[in-house]
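Observations on the model geometry
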Amino acid sequence: MTKRALITGITGQDGGHLAKLLGDKGYEVYGIIRGQQNPKRRATEEEFPYVKLIEADLLDMSSLVRALQIAKPDEIYNLGAISHVGYSFKDPQLTADVTGKGCLNMLEAIRLTGGEKTVRFYQASTSEMFGGLEYNRPEKGYNEESQFHPRSPYGVAKLYAHWITKNYRESYGMFAVSGILFNHEGERRGVEFVTRKITNAVARIKLGLQDHVELGDLWPKRDWGYAGDYVEGMWRMLQQDKPDDFVLATGETHSIEEFLDLAFKEIGIDDWKPYVKQNPAFMRPAEVDLLLGDPTKAETVLGWQREVDFPGLVKLMVQHDLEIESQNK
Ligand code: NAP
Ligand code: G4F
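Numbering of residues starts from 1 in every chain and runs along the sequence as written. Whichever chain is written first is A, and whichever ligand is written first is 1; the rest continue in order. For this predicted model, a pLDDT threshold of at least 70 governs which residues receive local features, and a threshold of 80 or more governs which side-chain atom pairs are given and counted, while totals over whole chains, interfaces and linings are taken from all residues. Values reported for side chains reflect all heavy atoms of the structure, with hydrogen atoms and water molecules removed beforehand.

1. Description of the pairing of strand β3 (residues 52–55)
To keep things clear, this is the line we draw: Here, a strand pair is defined by DSSP locating no fewer than two bridges between the strands. Secondary structure counts use DSSP, requiring at least four H or I residues in a row for a helix and at least two E residues in a row for a strand, with both numbered from the N terminus. For the handedness criterion, the strands are oriented away from the viewer, and a crossover whose path from the first strand over the helix to the second runs clockwise is classed as right-handed.
Bridge analysis of strand β2 (residues 28–33) against β3 gives four bridges, and the strand direction is parallel. The partner of I32 across the bridge, within β3, is I54. Each parallel crossover has a hand, and the one from β2 via helix α2 (residues 41–47) to β3 is right-handed.

Below is the structure:
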């Protein structure tokens, strides 16, 4: 029997990687797309002609019920969210509604359509829920047992979604799991996130299209992996005998300065300082100083391994942006 999957956030970074992964595995793939004329619709249809798009919105439970009636999914991947931490400080209520309550809307839609014993549900939880070293100092990195202390409206909304997913698992016996994913990047990453903003700027500087990039704080450290590796982990979580939560991470942490070092070296520049200006507009009211994850449980139980390392990730992103930007020149 062909398995059916429904993805929210199909137009986002992870949605693209997951649509490819599930398509390659022979799934019948449905994707939720929002808005009357979503600007990403055409590109999504062209790249994934096998994906059936359904108009719906995480803010609107009746649209989710309709989507479930159409897709009749075996698996749901809830990737849709306001996902930008900086933006969440500017629009905290919308973030709570989409990123937090949107998850509840989907879980209730599953119950209303009688899917609580048949549908497998994946919630996109995040390392932003941990909050950094000031609050929690794990020896090997944050794991599934580490304490949460979110530092942004986004992190708080995600923590609600995380707990309500656990609550539906415990209350209704649903196969509902959370993947607590550390930062993952790649050629599909939005340019509003720091890694892609840097690699895009580096490519444009190399091609003479811009002369500097403006960034916020450069000292925070992140555990950066490749998004293509992480969607494999999401899928594995839904193939287990028992529902459970897992951390996906690389077990390494690097500062934004280290990312800049490697990205500029890729175009032959050793000293990036003349090309980077600091702009307080990109700083946040509260910052997460360091994120480092411990993926031992995912490696042991899921057999998950990341394939792309930090230098490989930076190289892949710079080379991709050089190709794209030279076509635009
Ligand atoms: P992304 O590129 O920002 O994609 C977000 C997706 O959410 C987009 O497809 C967007 O659709 C959709 N969306 C926004 N508002 C919606 C609404 N009201 N109803 C339905 N869909 C809506 O995010 P990503 O990097 O792929 O991340 C996927 C998920 O994993 C997110 O939930 C994110 O918070 C979480 N996560 C990401 C990371 C990471 O490092 N990437 C780490 C941990 C957790 P439009 O195109 O229409 O705006
Ligand atoms: O790339 P970022 O915006 O990612 P952030 O805040 O770590 O969030 C991402 O990862 C989370 C997982 O931990 C996800 F849940 C979330 O959805 C998202 O995908 O910022 C990374 C770091 C921050 O410390 C930020 O303050 O880079 C710093 N930064 C410095 N200058 C900047 C900039 N961030 C952005 N976006 N833009 C800048 O100009």
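Now, onward.
2. Remarks on the pattern of salt bridges
Condition: What counts as a salt bridge is simple: a side-chain nitrogen of Lys or Arg found within 4 Å of a carboxyl oxygen of Asp or Glu. Partly exposed describes any residue whose relative accessible area lies between the buried limit of under 20% and the exposed limit of over 50%, with all areas from a 1.4 Å probe on protein chains only and scaled to the type maximum.
In total, this model carries 19 salt bridges according to the counting rule given. A salt bridge links E28 to R4; the nearest nitrogen and oxygen atoms lie 3.5 Å apart. Taken together, the positions of E28 in strand β2 and R4 in strand β1 (residues 4–8) put the pair 24 residues apart, joining distant regions of the chain. Classification of E28 as partly exposed rests on a relative accessible area of 23%. In this structure, D294 engages K140 in a salt bridge whose closest nitrogen and oxygen atoms are separated by 4.0 Å. With D294 in the loop between β13 (276–278) and α10 (296–302) and K140 in the loop between β5 (120–126) and α6 (153–172), the pair connects residues that are 154 residues apart, well separated along the chain. Here the salt bridges do not stand alone but share partners, grouping R4, E28 and K52 into one network.

3. Here's the deal with the domain arrangement of the protein chain
The line we're drawing: Start and end points for every domain follow an automatic or database-based domain assignment. Contact criterion: two residues are considered in contact whenever any of their non-hydrogen atoms come within 4.5 Å of each other. Once two parts are put together, the accessible area they lose, assessed with a 1.4 Å probe and summed over both, is termed the buried area. The classification used treats Ala, Val, Leu, Ile, Met, Phe, Trp, Tyr, Cys and Pro as nonpolar, Asp, Glu, Lys and Arg as charged, and all other residues, Gly among them, as polar.
Split by domain assignment, the protein chain resolves into domain 1 (4–184 + 225–248) and domain 2 (190–222 + 253–287 + 309–328). Of note, the centres of domain 1 and domain 2, computed from C-alpha atoms alone, are 27 Å apart. Taken residue by residue, the interface counts 10 residues in domain 1 and nine residues in domain 2. When the buried surface of domain 1 facing domain 2 is broken down by residue, H84, F89 and R151 rank first, second and third, together holding 47% of it. At the junction of domain 1 and domain 2, the tally comes to zero salt bridges. Put simply, the parts of the chain that give the side of domain 1 that touches domain 2 at least two residues each are α4 (85–90) and β10 (225–226). A breakdown of the residues in the side of domain 1 that touches domain 2 according to their chemical character gives three nonpolar, five polar and two charged.

4. Overview of the packing of helix α9 (residues 256–265) against helix α11 (residues 310–328)
For any two helices packed against each other, the geometry comes down to the angle between their axes and how far apart the axes lie. The criterion, for reference: Fitting a line to C-alpha atoms yields each axis, with helices limited to the stretch in contact; the angle taken between N-to-C directions then spans 0 to 180 degrees. Each angle gets one of four labels, with under 35 degrees taken as roughly parallel, over 145 as roughly antiparallel, 65 to 115 as roughly perpendicular, and the rest as oblique. The hand of a helix crossing depends on one turn: near helix anticlockwise from the far one by less than a right angle means left-handed, and clockwise means right-handed.
It is the contact of α9 with α11, at a shortest axis distance of 9 Å, that shows an interaxial angle of 55 degrees. In this view, α9 runs oblique relative to α11, as classed from their interaxial angle. Every pair of crossing elements has a handedness; the one defined by α9 and α11 is right-handed. Between α9 and α11, the residues in contact are E258, F259, L262 and A263 and F310, P311, V314, M317 and V318, respectively. Along the lines of polarity and charge, the residues of the contact of α9 with α11 split into eight nonpolar, no polar and one charged.

5. Let's talk about the site of ligand 2
Spelled out, the test is: A single heavy atom is enough: if one lies within 4 Å of a molecule or strand, its residue is considered near that molecule or strand. Here a polar contact means two N or O atoms within 3.5 Å. Within protein one must be a hydrogen donor candidate and the other an acceptor candidate, and residues neighboring in sequence count only if both atoms are side-chain atoms. All accessibility values rest on the Shrake-Rupley procedure with a 1.4 Å probe; residue burial counts only the protein chains present in the view.
As a structural note, the neighbourhood of ligand 2 is formed by 23 residues, with T126, S127, Y154, R284 and E287 the closest of them. In this structure, an oxygen atom belonging to ligand 2 sits 2.6 Å away from a main-chain N or O atom of S83. In the complex, 95% of the free accessible area of ligand 2, which totals 710 Å², lies under the protein chains. Of the residues contributing to the shell around ligand 2, the split by class is nine nonpolar, six polar and eight charged. Viewed by domain, the shell around ligand 2 spans two of them, domain 1 (4–184 + 225–248) and domain 2 (190–222 + 253–287 + 309–328), each represented by three or more residues.

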